Amino acid sequence: MCHALLQDPKFFTLLLRIDHEFAAQCRADGCGCGGDLHRADYPRKPRGCPRSMRDDYSSRLSFCCALCRTRATPLSVRFLGQRVYLGLAVVLVSASRTASTAAGARLGAELGVARQTLQRWQAWWTEQFPLTPLWRATCARFMPSVDVQGFPGTLLERFTGSPADSLMRLLVFLSPVTLRSAGAGAARVFEGR
């Protein structure tokens, strides 16, 4: 499937560029108090990232208001919430796990993902993700309905194009989940990409 993308620097560069576009939009939107937003990135130690990209993936883009000090963290296609592994790895390992237990276990072992972690990810996909505001706001757009028990593989199948294009579209779709108010702007992001 898309496993080769885990080692493709061009794909990682594309995801970084998308995150910078999200950050530029966040900064342009500004703070509600009218203050300027200044860069205040979060340090990250991402797993599932090629060595050549680790420096570019060592921080989560974020801003802080110069007046009220409120945080403004943009959407991300690189990170899936506060997980240590990159969103790309979470999707691919979880999708492999549902498609073929052996393939998922092999990919998980290559990335150093513990069996318990794989089980937590699968539980998140099948039990918690369907309850998120993002999925609740957009699930009706997928006809026929998507088999939740096969997430994320069955969801990835709904995004068309090359493996890189479909995976990139899925990561953009999932980007509202990367914020604490998961689902804020879900419809806007879904329509935009």
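The coordinates are above.
Cut-offs applied
Residues numbered from 1 in each chain as written. Predicted model: local features only at pLDDT ≥ 70, side-chain atom pairs only at ≥ 80, totals over all residues. Heavy atoms only, no water. Helix = DSSP H or I, 4+ residues; strand = E, 2+ residues; numbered from the N terminus. Buried < 20%, exposed > 50% of the residue type's maximum accessible area, 1.4 Å probe, protein only. Contact = heavy atoms within 4.5 Å. Areas by Shrake-Rupley, 256 points an atom, 1.4 Å probe, with all protein chains shown as cover. 1 Å grid on protein atoms, 1.4 Å probe; cavity = no way out; pocket = protein on both sides within 12 Å on 5 of 7 lines; lining within 4 Å. Points joined across faces, edges and corners; volume = space filled by probe spheres on them. Nonpolar A, V, L, I, M, F, W, Y, C, P; charged D, E, K, R; others polar. Pairing = 2+ DSSP bridges. Axes fitted to C-alpha atoms, helices over the stretch in contact; angles between N-to-C directions.

A. View of the overall build of the protein. When helices and strands are tallied, the protein shows eight helices and five strands. Its helices and strands in sequence order give the protein the pattern α-β-β-β-β-β-α-α-α-α-α-α-α, from N to C terminus. Within the protein, the proportion of its 193 residues that are buried is 50%. Residue pairs at least 24 apart in sequence account for 63% of intrachain contacts in the protein once pairs closer than 6 positions are excluded. As displayed, the protein has an accessible area near 9,800 Å², and 51% of this comes from carbon and sulfur atoms.

B. Here's a closer look at empty space enclosed by the protein. All chains considered together, the criterion is met by one cavity of 30 Å³ or more. Considered as a void within the structure, the largest cavity measures approximately 40 Å³ in volume. Every residue lining the largest cavity is listed: Ser 76, Val 77, Phe 79, Leu 80, Gly 87, Leu 171, Leu 174, Ser 175 and Thr 178. Here the residues of the lining of the largest cavity are counted per class, giving five nonpolar, four polar and no charged.

C. Quick look at the sheet that holds strand S4 (residues 63–65). Across the sheet, three strands lie side by side as S1-S4-S5; this open sheet has antiparallel pairing. In the strand order of this sheet, the two ends are held by strand S1 (37–39) and strand S5 (71–72), each with one partner. Relative to S4, S1 runs antiparallel, the two being bridged by three bridges. By the bridge assignment for S4, His 38 is matched with Cys 64. Across the sheet, helix H1 (residues 9–29) touches S1, S4 and S5, and the angle it forms with S1 is around 150°.

D. Spatial organisation of unusual backbone geometry. Note that the residue after Met 143, namely Pro 144, is joined by a cis bond; omega there is -5°. Along the chain, Pro 144 falls in the loop between helix H5 (133–138) and helix H6 (153–156). The omega angle of the peptide bond from Phe 151 to Pro 152 is 0°, so this bond is cis rather than trans. Within the secondary structure, Pro 152 sits in the loop between H5 and H6. Of note in this structure, Arg 69 is not a glycine but carries a positive phi near 65°.

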